[in-house]
Amino acid sequence: MNIQNAQLEVDNWIKEHGVRYFNELTNMAQLTEEVGEVARIIARRYGEQSEKESDKDKDLGEELADVVFVVLCLANQTGIDLQEAFDRKMDKKAKRDHDRHHNNDKLK
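Since this is a predicted model, take the numbers as computed values, not measurements.

Calculation notes
- Residues numbered from 1 in each chain as written.
- Predicted model: local features only at pLDDT ≥ 70, side-chain atom pairs only at ≥ 80, totals over all residues.
- Heavy atoms only, no water.
- Helix = DSSP H or I, 4+ residues; strand = E, 2+ residues; numbered from the N terminus.
- Rg over C-alpha atoms; globule rule 2.2 N^0.38 Å.
- Buried < 20%, exposed > 50% of the residue type's maximum accessible area, 1.4 Å probe, protein only.
- Contact = heavy atoms within 4.5 Å.
- Areas by Shrake-Rupley, 256 points an atom, 1.4 Å probe, with all protein chains shown as cover.
- Lys, Arg positive; Asp, Glu negative; His and termini not counted.
- Charge placed at Lys NZ, Arg CZ, Asp CG, Glu CD.
- Axes fitted to C-alpha atoms, helices over the stretch in contact; angles between N-to-C directions.
- Parallel < 35°, antiparallel > 145°, perpendicular 65-115°, else oblique.
- Nonpolar A, V, L, I, M, F, W, Y, C, P; charged D, E, K, R; others polar.
- Salt bridge = Lys/Arg side-chain N within 4 Å of Asp/Glu carboxyl O.

**Brief notes about the overall build of the protein chain**
Counting secondary structure elements, the protein chain contains four helices and zero strands. Starting at the N terminus and ending at the C terminus, the protein chain contains elements arranged as α-α-α-α. By the compact-globule yardstick of 13 Å for 108 residues, the protein chain is too spread out, its C-alpha radius of gyration being 18 Å. Principal axes of the C-alpha set define a box for the protein chain whose edges measure 50 × 45 × 25 Å. Relative to its full complement of 108 residues, the protein chain shows a buried share of 22%. The long-range share in the protein chain, meaning contacts at least 24 apart out of those at least 6 apart in sequence, stands at 62%. Just so you have it, the protein chain exposes about 8300 Å², and 54% of that area is on carbon and sulfur atoms. Taken as two groups, the 17 positive and 23 negative side-chain charges of the protein chain have centres that lie 7 Å from each other.

Structure representation (structure tokens):
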């Protein structure tokens, strides 16, 4: 599935199952909350903090999908073609960073 299809699928889901999009500020707060859930799993599962028993069954993939869902909502409601924006970003990064990381002694 490409990003345009994902945006369409989210929009269709909102129309079929939701009442409407939450406003942009609410979705931004929701995005922050979802990113926080991802951060908690990463910090406890891969970082130095011990993982609480209640967090051991958390699905990182599902939490990342929650982040993507809200990002797609924000793109839809602000008129952003995220596929186009992503393609532009990847092109920019490829040109700007082509040798940057290869020449970084910290990464060797």
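Moving on from the model shown.
**Digging into the packing of helix H1 (residues 3-17) against helix H3 (residues 60-77)**
Angle between the axes and distance between the axes are the two parameters that describe a pair of packed helices. Running from N to C, H1 and H3 cross one another at 85°; their axes reach a closest spacing of 9 Å. In terms of axis orientation, H1 runs roughly perpendicular to H3. Between H1, through Ile3, Ala6, Gln7, Val10, Asp11, Trp13 and Ile14, and H3, the contact on the second element is made entirely by Phe69, Leu72, Cys73, Ala75 and Asn76. Here the residues of the contact of H1 with H3 are counted per class, giving nine nonpolar, two polar and one charged.

**Considerations on the pattern of salt bridges**
This structure, assessed with the given rule, holds 11 salt bridges. Residue lysine 93 pairs with aspartate 97 through a salt bridge whose shortest N-O separation is 3.6 Å. Looking at lysine 93, the relative accessible area reads 34%, which means it is partly exposed. Judged by relative accessible area, which is 10%, aspartate 97 ranks as buried.

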